[in-house]
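# Overview (structure and organization)
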Amino acid sequence: MKKRIFSLLIILGLSLFLPACSNMHMTGGVGLNFSGGPYGMRVTPSVNVGMYGGGYRW
């Protein structure tokens with residue numbers, strides 16, 4: 001009986017998890033940031049990783 005309840009919970013969890021991840025997008029970007037200060041210009045690198053979970057973008 002416990003095995004049956006556990007397997008039902010696993011199937012229910014997967015059925016909720018898989019549609020949520022079916023339209024996921026990952027984006028990335030690399031760039032340089034320029035900033036000025038009292039001691040002159042400073043350049044720092046930037047790396048971005050974004051995840052979008054699906055649905056309508058606009």
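Below or above, wherever it landed, is the structure these notes cover.

Criteria and thresholds
Every chain is numbered independently, its residues counted from 1 as its sequence is written. At least 70 in pLDDT is required for a residue's local features to be given in this predicted model, at least 80 for side-chain atom pairs to be given and counted, and no such filter applies to totals for whole chains, interfaces and linings, which use all residues. Based on all heavy atoms of the structure, the side-chain values leave hydrogens and waters out of the count. A run of H or I in DSSP counts as a helix once it spans at least four residues, and a run of E counts as a strand once it spans at least two, with each numbered from the N terminus. Burial status follows relative accessibility: with a 1.4 Å probe on protein chains alone, a residue under 20% of its type maximum counts as buried, one over 50% as exposed, and anything between as partly exposed. Any pair of residues with heavy atoms lying within 4.5 Å of one another is described as a contacting pair. Nitrogen and oxygen atoms within 3.5 Å of one another constitute a polar contact, given that in protein one can donate a hydrogen and the other can accept it, and given that sequence-neighbouring residues count only through two side-chain atoms. Grouping into patches uses exposed residues only, defined as over 30% relative accessible area, and leaves out salt-bridged ones; the cut-off is 9 Å for like charges and 5 Å for nonpolar side chains (Val, Leu, Ile, Met, Phe, Trp, Tyr). Using a 1.4 Å probe, the Shrake-Rupley method yields the accessible areas, and only the shown protein chains count as cover for residues. Only one rule defines a salt bridge in this text: a Lys or Arg side-chain nitrogen within 4 Å of an Asp or Glu carboxyl oxygen.

### Brief notes about the overall build of the protein chain
A count of helices and strands for the protein chain gives 1 helix and 2 strands. In sequence order, the secondary structure elements of the protein chain are arranged as α-β-β. Relative to its 58 residues, the protein chain shows a buried fraction of 3%. Of all intrachain contacts in the protein chain linking residues separated by at least 6 positions in sequence, the fraction that spans at least 24 positions is 35%.

### What about the environment of Ser7?
When you line up the elements, Ser7 lands in helix α1 (residues 2–21). For Ser7, the side chain forms a polar contact with the main-chain oxygen of Arg4, separated by 2.9 Å.

### Focus: the environment of Asn48
Relative to the assigned elements, Asn48 resides in strand β2 (residues 40–52). Separated by 19 residues in the primary sequence, Asn48 and Gly29 have C-alpha atoms spaced 5.0 Å apart. Ignoring anything within four residues of it in the chain, the contact list for Asn48 reads Thr27, Gly28 and Gly29.

### Thoughts on a nonpolar patch on the surface
Residues Met1, Ile5, Leu9 and Leu12 make up a contiguous nonpolar surface patch of about 470 Å² in total accessible area. Following the sequence through the fold, Leu9 ends up in helix α1.

### Things to note about the side chain of Ser46
Tracing the backbone shows Ser46 in strand β2. Judged by relative accessible area, which is 18%, Ser46 ranks as buried. Apart from residues lying up to four places away in sequence, Ser46 is in contact with Gly29, Val30, Gly31, Leu32 and Asn33.

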